[in-house]
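Secondary and tertiary structure notes
Chain by chain, the residues:
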Amino acid sequence: MKKWLKITIGVVGGIVVLFAIGIYILINKGYGISVGRYLEVKDGTAMLVRGNSPIVLSSQHNGDMFYDLDIGDKILVIHTGIAESYPAQTGAKAIFKIGNGSSADIPQKVIKELNELGWIETQEMPISLEDVNIKIQEYFELDNVDKSNFKNSYVDREKEVVAVELIDNSKVKQDEFIYKVFSHSTGSKYIKYIKDNGMLEFRQAGVSGSASSYNE
């Protein structure tokens, strides 16, 4: 093995060991560790979204701990105790970015609840039901688009979903619908977002009460 490679492996190994020791010491001092997605709301307030639970992060250091983070980035946070409120609150001792992300990685349920509480303005919501329905309608207004299996789509405010009526409402046709409609004008993260957050509910055209939510 070349000398420079041995040195590089040794340095990296040393950093990993020091990192592990540092985390061990912090845990023994009573700090917790949480992994989730980064969210920035009104007035620049930083949040960790852990599952469907938003947690306000207060910096325990001078300076901005969050300057290099984008909304949706996956982060590991070493923090103090978590105050049981909504949203919850904790002090951030250290933050490590462990993956990229986007607003589509924030659960719609969290966005909706924070919007209702005034933490996020309506226009800041990453993807709305209206936006999803508009993209469906725009797709079927195009020329040379097969409309034979599509009956209608609309926003169902009672269930908070976009209802899509298909003549053949099989899982195969649902998958085909999503791919054709949204790959035309959006990216994979948009599609993942509407799937993960159950924003679509497929219904059998002409059959009352027959529905299936699309949520993988």
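Here is what the cut-offs are and how they apply
- Residues take numbers from 1 onward in each chain, read along the sequence in its written order.
- Restriction of local features to residues with pLDDT of at least 70 applies here, the model being predicted, together with a cutoff of 80 or more for giving and counting side-chain atom pairs; totals for whole chains, interfaces and linings are based on all residues.
- To get the side-chain values, all heavy atoms of the structure are used, and hydrogens and water are removed first.
- What counts as a salt bridge is simple: a side-chain nitrogen of Lys or Arg found within 4 Å of a carboxyl oxygen of Asp or Glu.
- The helix and strand labels rest on DSSP assignments: H or I over at least four residues marks a helix, E over at least two residues marks a strand, and numbering proceeds from the N terminus.
- Type-normalised accessible area, obtained with a 1.4 Å probe on protein chains alone, sets the label of each residue: buried when under 20%, exposed when over 50%, and partly exposed for intermediate values.
- Only residues whose relative accessible area exceeds 30% and that form no salt bridge enter a patch; like-charged residues are grouped when within 9 Å of one another, and nonpolar side chains (Val, Leu, Ile, Met, Phe, Trp, Tyr) when within 5 Å.
- Areas reported as accessible are Shrake-Rupley estimates using a 1.4 Å probe. Residue values count occlusion only from the protein chains shown.
- When charges are counted, Lys and Arg contribute as positive and Asp and Glu as negative, whereas His and the chain ends are disregarded.
- To locate a charge, take NZ of a lysine, CZ of an arginine, CG of an aspartate or CD of a glutamate.
- Note on contacts: a residue pair is in contact if any heavy atoms of the two residues lie within 4.5 Å.
- Two strands qualify as a pair provided that DSSP identifies no fewer than 2 bridges between them.

So, the pattern of salt bridges
Between side chains of opposite charge, a pair can form when the charged atoms approach closely. The final tally for this structure, using the stated rule, is 14 salt bridges. As a salt-bridge pair, Lys159 and Glu201 come within 3.6 Å of each other at their nearest N and O atoms. Of this pair, Lys159 sits in the loop between strand S6 (150–156) and strand S7 (161–166) while Glu201 is found in strand S8 (residues 200–204), placing the two residues 42 residues apart along the sequence. A residue is classified by how much of its surface remains accessible, and Lys159, at 48% relative accessible area, is partly exposed. A residue is classified by how much of its surface remains accessible, and Glu201, at 5% relative accessible area, is buried. With a shortest N-O distance of 3.1 Å, Asp175 and Lys171 are connected by a salt bridge. With a gap of four residues between them, Asp175 and Lys171 both fall in helix H4 (residues 171–183), about one helical turn apart. Lys171 gets classed as partly exposed once you look at its relative accessible area, which sits at 46%. Taken together, the salt bridges that share partners define one network made up of Asp156, Lys159, Glu201 and Arg203.

Here we look at a negative patch on the surface
Negative charge collects at one region of the surface, where Glu40, Asp64, Asp68 and Asp70 lie side by side. Among the structural elements, Glu40 can be located in strand S1 (residues 32–40).

As for the environment of Arg50
Within the fold, Arg50 resides in strand S2 (residues 46–50). Arg50 sits 57 residues away from Pro107 along the chain, and the two C-alpha atoms are 9.9 Å apart. For Arg50, the contacting residues outside a window of four places in its chain are Ser34, Val35, Ile55 and Ile82.

As for the pairing of S7
The side chains of a regular strand alternate, first on one face of the sheet and then on the other. The buried fraction of S7 is high, at six of six residues. Across the two faces of S7 the burial is the same, with Val161, Ala163 and Glu165 and Val162, Val164 and Leu166 all buried. Looking at chain direction, S6 and S7 are connected through six bridges and run antiparallel. Bridge assignment links Phe150 to a residue of S7, and that residue is Leu166. Counted along the chain from S6 to the antiparallel partner S7, the turn is four residues long, and its residue Glu160 has a positive phi close to 55 degrees. Examined bridge by bridge, S7 and S8 share five bridges and lie parallel to one another. Paired with Val164 across the two strands is Phe202, which belongs to S8.

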